[in-house]
Amino acid sequence: GEIIIEEHCDSYLIIRTSWLFSEYGNNFLKTILRLAQDRNTLEVVTDQIGCPTYAGHLAQAILNVLQKILDQSFENGIYHYAGYEQCSWYEFAQEILLAAETNGKLNKLPIVKRVVSDKYPTTTKRPNYSALDSSKFCKMFDVEPSNWRAILPFVVNRVGLV
């Protein structure tokens, strides 16, 4: 799709993101919190690295660039917008659970075990390294990358647990 856009559009802006999380919909954060309620032990992949990105930050970044898009005052291209700090899924899960414990969202914390992706049962093949560099996007549109660590307690607190 990106190649077709590049070849056939005079003006375009493609934004890639990664490891999107939110208090809404289905995503890793909500899955970890749900599983933590039901299980004493969780196995989380430790050899896949990426940049968690809060969906609210992505939405705000897009709103901030709308005027440049309308004015056509940007360089065509593919841009990345993601969290500025990379981590593994395991580290991200640990941070989610720490925020949940701090916010009193869980009665007990499960033991989180490290597992390598080869040993984790999944039908979806994911790259071991999918961190994105947002510097081009942030410079072009004068926005900050997603600070997922700072927003995480707020998001966890907004998730309704059953």
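Our subject is the structure that appears above.
The written sequence of each chain sets the order in which its residues are numbered from 1. Per-residue local features of the predicted model are confined to residues with pLDDT of at least 70, and side-chain atom pairs are confined, for both listing and counting, to 80 or more; whole-chain, interface and lining totals are unaffected and use all residues. The side-chain quantities take in all heavy atoms of the structure and omit both hydrogens and water.

Student: Is there a simple way to explain the pattern of salt bridges in this structure?
Tutor: A side chain of one charge can pair with a side chain of the opposite charge if their charged atoms are brought near each other. Salt bridge, as applied in this entry: a Lys or Arg side-chain nitrogen positioned within 4 Å of an Asp or Glu carboxyl oxygen. With the rule as written, the count across this model stands at four salt bridges. Across the pair Glu 2 and Arg 16 runs a salt bridge, and its minimum N-O distance is 2.6 Å. Here Arg 16 lies in strand β1 (residues 13-16) and Glu 2 lies in helix α1 (residues 2-8), a separation of 14 residues in the sequence. Ionic pairing is found between Glu 85 and Arg 149, a salt bridge with its closest N-O pair at 2.9 Å. On the criterion of sequence distance, the pair formed by Glu 85 in the loop between β6 (77-80) and β7 (87-88) and Arg 149 in helix α6 (residues 148-158) is long-range, its members being 64 residues apart. Taking relative accessible area as the criterion, Arg 149 reaches 31% and is therefore assigned partly exposed. Through salt bridges with shared partners, a single ionic network connects Glu 85, Glu 95 and Arg 149. Put simply, DSSP H or I for four residues or longer makes a helix, DSSP E for two residues or longer makes a strand, and each gets a number counted from the N terminus. Exposure is judged per residue with a 1.4 Å probe applied to protein chains only, and the accessible area is read against the type maximum: over 50% gives exposed, under 20% gives buried, and values in between give partly exposed.

Student: Could you clarify how one ought to interpret the state of the cysteines in this entry?
Tutor: Simply put, disulfide is the name for a covalent bond between the sulfur atoms of two cysteines. Only a pair of cysteine sulfur atoms within 2.5 Å counts as a disulfide in this structure description. Considering all chains together, one arrives at zero disulfides under this definition. The structure places no disulfide on Cys 51, whose sulfur is separated from the nearest cysteine sulfur, that of Cys 87, by 7.8 Å. We classify Cys 87 as buried; its relative accessible area is 2%.

Student: Can you help me understand unusual backbone geometry in this one?
Tutor: Leaving glycine aside, a negative phi is the common case for residues, and trans is the common case for peptide bonds. A positive phi angle is found at Gln 72, which is not glycine, with a value near 55°. We classify Gln 72 as partly exposed; its relative accessible area is 48%. At Asp 142, a residue that is not glycine, the phi angle is positive and equals roughly 55°. Of note, Asp 142 is situated in the loop between α5 (135-141) and α6. With relative accessibility at 70%, the residue Asp 142 sits in the exposed group.

Student: When you look at helix α3 (residues 55-71) in this model, what are you seeing that I'm missing?
Tutor: Residues three or four positions apart in an α-helix share a direction because the helix packs 3.6 residues into each turn. By this rule, a helix spans an expected 1.5 Å times one less than how many residues it contains. The end-to-end C-alpha distance of α3 is 25 Å, a good match for the 24 Å that 17 residues give at a rise of 1.5 Å each. Along α3, the residues classified as buried are Leu 58, Ala 61 and Val 65. Should any heavy atoms of two residues lie within 4.5 Å, those residues are considered in contact. Check the buried side of α3 and you find it contacts β1, β2 (20-21), β5 (53-54) and α5. Phi for Gln 72, located one or two positions after α3, is positive at around 55°.

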